[in-house]
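Observations on the three-dimensional arrangement
Residue strings, one per chain:
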Amino acid sequence: MTTSPLEMLSGAEISRASAAVRTDSRFPADATFVHIVLHEPDKADLVQGTAVRAAEVQLVDGPGLGVIEVVVSLDDDSIISWDAIDGVRPTLLFGEAMHAIFTTKEHPEYIAALARRGITDVDNVQIDPWPAGVFGYDAETDRRIARCISFLRTDPLDNGYARPIEGLIVHFDLGRNEVIEVIDHGVVTMPEQHARYFASDNEPLRTDLKPIHITQPDGPSFTVDGNLIRWQKWALRITFDPYEGLVLHQVTYTDGGRERSILHRASISEMVVPYGDPGEQQGWKNAFDAGEWGLGRMTQSLTLGCDCLGEIHYFDAVLASEKGEPQVIENAICLHEEDAGIGWKHVDLFGGTHEVRRSRRLVVSFISTVGNYEYGFFWYFYLDGNIQLEVKLTGIVSPMAIEPGTNPEFATVVAPGVAAANHQHLFSARLDFDVDGSVNEVHEVETETLPAGPDNPWKNAFRVKDTRLDTELDARRDTNAATSRAWKIVNPNVTNALGQPTAYKLTPMMSTPTLLAHPDSSVGKRAGFAQHNLWVTPYRAEERRAAGNYPNQHEGGDGLPRWTAADRSLVDTDVVVWYTFGLTHIVRPEDWPVTPVEYTGFLLRPFGFFDRNPALDVPPSAPGACHEGP
Ligand code: CO
């Protein structure tokens, strides 16, 4: 077992950090633990071997604004720092959200609003507390609130999203556990159809699917030592964060005996789901599922044979409960390898030989259930040096009830009397590249055509336009599929055997939108990171989350827009690349009642990092029919 400063926090370490905070005289008696996470060492300390093992503890005390941020040494359990931060709100807390559900159900105005809809069975009402955003309601001021929306189940296992209780919104004070306001925009007819997705509700089931078995009789090709994973020429460490979920550290590829660095750290730093319907019931919906709920906190255990196939290694995630106790999510992270089709192939028509090599990839994944939606995050490492992040979106769209026969302008009808609003899912990947070392540059590369003329007599010429992005404002960029625009992360001081600077290329895998809401809208200000696909910053340890550390009910402007406004230099320094990607979801009838997986993501490809195809040494598959050369 290695003892890297980047090992995940153990349950015992969480207990020690919690105890150290509790026994400090400054600890407020009723404080809630928002999180206890690994205090990641600064890069310089990691390199110099001077990293201190420590935990970060966030507390919230009382119903108002403000949090307490504590750093606890895990070497001697001492308090390294204790800071009260005013005017900010933590992520939504599970305990308070549960209170919101039960307290709302007992409120006479809420019960009366249900009665106006003929609903008397309050037990089968499903209440979803939503992050509130910032919309100028009095209820938002100086409070930590949720907006609660409701659905009706016919029994406890029913899919409540079949029956939105339209027009009814409750503003709930989470800190004080009280209903502030019951808002009723008017009754809409309750949809009648079920939206059940159990096998027993969808018979007859297909009977002609024959089994597929994935077997690895000699075991997998990877090894695991603590949180260090080695597979083929790759090595990486993983940790698990309440907000970002899976975090990759120190991703390297061993090439000719040299362990070469590629990424120092990679994660999803934030995401936002803004809805495009301007109505009273939908217009305020814009969930920051990393910062407001937490992709790690909402992670569920994975099941062998269902979520991953093959020879699986699971990692548990150890987070902290709101009482400061260790809380284990068993089998939170899945590690496995899988066949990935052909890696390369050629048939020599003259020589009569054919050569094929299979592609294979190492998969590190987790799946977060954020209320109605599921997000699966799958990092792939390939034999040829490619790294890919694939996000799989599934679960249930957030629906609304409509009067039967009406045709909503900003939503798709998915069932009689049910529609789902246009929305986006926009993710911010924070990619701290260290391509052959920490000093890297970012270049925008795209094609440009030439005017017709003596240098282009057949009007066919196109070439690469390469622009180094020198400052932060220059580096706010958007994708352009027409010019194959991509970004190279270049080490200007290291060259390959051809004399070219070594690089990795961030390649959009498909057209990816930016935020459609106006920049000066509430969500436009709060999700500034989503206004551009690319941002680049000089490395700062504290710049970790694209919308800032406290996005819940934050008025906006924090994170990438604020940092990059300084227009710092990106030359001769350690750079961090932030990539906004995702999709605009115009809901289909086929997305109901549960959405077939939809994909988004990006690819990181070596570009002159190697001297030639690095997968030439992949052996032909047994039994030898895949090659005929000598
Ligand atoms: Co969607």
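1. Focus on the pairing of strand β1 (residues 32-38)
Burial of β1 is extensive: six of the seven residues sit out of reach of the surface. By the bridge criterion, six bridges tie β1 to strand β2 (residues 54-60) in an arrangement that is antiparallel. Bridge pairing in β2 links T32 to V60.

2. Notes on the domain arrangement of the chain
For an interface, size is often stated in terms of accessible area lost upon the parts coming together. With domains assigned, the chain is organised as domain 1 (11-85), domain 2 (94-201) and domain 3 (222-626). Taken residue by residue, the interface counts 35 residues in domain 2 and 36 residues in domain 3. Here domain 2 and domain 3 share an interface that buries about 3000 Å² over both sides, 64% of which is from carbon and sulfur atoms. Contact with domain 3 buries area across many residues of domain 2, yet F94, W130 and Y161 alone supply 24% of it, more than any other trio. Taken together, the links from domain 2 to domain 3 amount to zero salt bridges. Applying the counting criterion to the domain 2 and domain 3 interface returns 10 residue pairs in polar contact (both at pLDDT 80 or more). Going through the elements one at a time, α3 (94-105), β5 (125-131), β6 (145-152) and β7 (168-173) are the ones with two or more residues in the side of domain 2 that touches domain 3. Sorting elements by how many residues they give to the side of domain 2 that touches domain 3 places β6 first, with four residues. For the side of domain 2 that touches domain 3, the residue count by class is 22 nonpolar, seven polar and six charged.

3. Details of the coordination of the cobalt ion
At 1.9 to 2.0 Å from the cobalt ion lie its protein donor atoms, namely Y373 (OH), H423 (NE2), H425 (NE2) and H585 (ND1). With four donor atoms in place around the cobalt ion and angles of 94 to 142° between them, the coordination shape is irregular. When the donors of the cobalt ion are listed by position in the chain, the intervening gaps give Y-x49-H-x1-H-x159-H.

4. Remarks on helix α4 (residues 108-115)
Looking only at α4, the buried set comprises Y110, A113 and L114. Along the axis of α4, the buried positions cluster into a sector of 100°, meaning they face one direction only. Residues of α4 that are buried make contact with α3, β5, β6, β7 and β8 (178-184).

5. What to know about the sheet that holds strand β21 (residues 411-415)
The antiparallel open sheet is built from three strands, whose spatial order is β20-β22-β21. Looking along the sheet, the strands with just one partner apiece sit at the ends: β20 (399-401) and β21. With direction set aside, neighbouring strand axes in the sheet form an average angle of 40°. In the sheet, β21 pairs with strand β22 (residues 418-421) via four bridges, with the strands oriented antiparallel. Following the sheet pairing, A415 is matched in β22 by V418.

6. Let's talk about the state of the cysteines
In a disulfide, the sulfur atoms of two cysteines are covalently bonded to one another. What the rule picks out here adds up to one disulfide. Residue C308 pairs covalently with C334 via a disulfide, S to S 2.2 Å. Remark: C334 occurs in strand β16 (residues 326-348) and C308 occurs in the loop between α5 (289-293) and β15 (313-320); sequence separation between them is 26 residues. Residues C308 and C334 agree in their burial class; the two are buried.

7. Concerning the side chain of R526
Relative to the elements of secondary structure, R526 occurs in helix α6 (residues 522-526). Taking the relative accessible area as the measure of exposure, R526 reaches 3% and is therefore buried. From its side chain, R526 meets the backbone oxygen of P551 in a polar contact 2.7 Å long. Apart from the residues lying within four places of it in its own chain, the contact partners of R526 are G133, V134, N286, F288, E292, A547, P551, N552, Q553, H554, E555 and G556.

8. Brief notes about the pairing of strand β12 (residues 245-255)
With respect to burial, β12 is a largely interior element, eight of its 11 residues being buried. Bridge analysis of strand β11 (residues 234-241) against β12 gives seven bridges, and the strand direction is antiparallel. What sits directly across from D241, in β12, is G245. The loop that links β11 with its antiparallel partner β12 comprises three residues. Bridge count between β12 and strand β13 (residues 258-274): seven bridges; the pairing is antiparallel. Within β13, the residue paired with T252 across the bridge is S261. Hairpin geometry of β12 and β13 is characterised by an intervening segment of two residues between the two adjacent antiparallel strands and by a positive phi of about 60° at G256.

Cut-offs applied
- Residues numbered from 1 in each chain as written.
- Predicted model: local features only at pLDDT ≥ 70, side-chain atom pairs only at ≥ 80, totals over all residues.
- Heavy atoms only, no water.
- Buried < 20%, exposed > 50% of the residue type's maximum accessible area, 1.4 Å probe, protein only.
- Helix = DSSP H or I, 4+ residues; strand = E, 2+ residues; numbered from the N terminus.
- Pairing = 2+ DSSP bridges.
- Domains from an automatic or database assignment.
- Contact = heavy atoms within 4.5 Å.
- Buried area = accessible area lost by both parts, 1.4 Å probe.
- Salt bridge = Lys/Arg side-chain N within 4 Å of Asp/Glu carboxyl O.
- Polar contact = N/O pair within 3.5 Å; in protein donor to acceptor, adjacent residues only side chain to side chain.
- Nonpolar A, V, L, I, M, F, W, Y, C, P; charged D, E, K, R; others polar.
- Donors = N, O, S within 2.8 Å, 3.2 Å for Na, K, Ca; no water.
- Tetrahedral: all angles 85-135°; square planar, octahedral: opposite > 155°, others 65-115°.
- Arc of directions from axis to C-beta.
- Axes fitted to C-alpha atoms, helices over the stretch in contact; angles between N-to-C directions.
- Disulfide = S-S within 2.5 Å.

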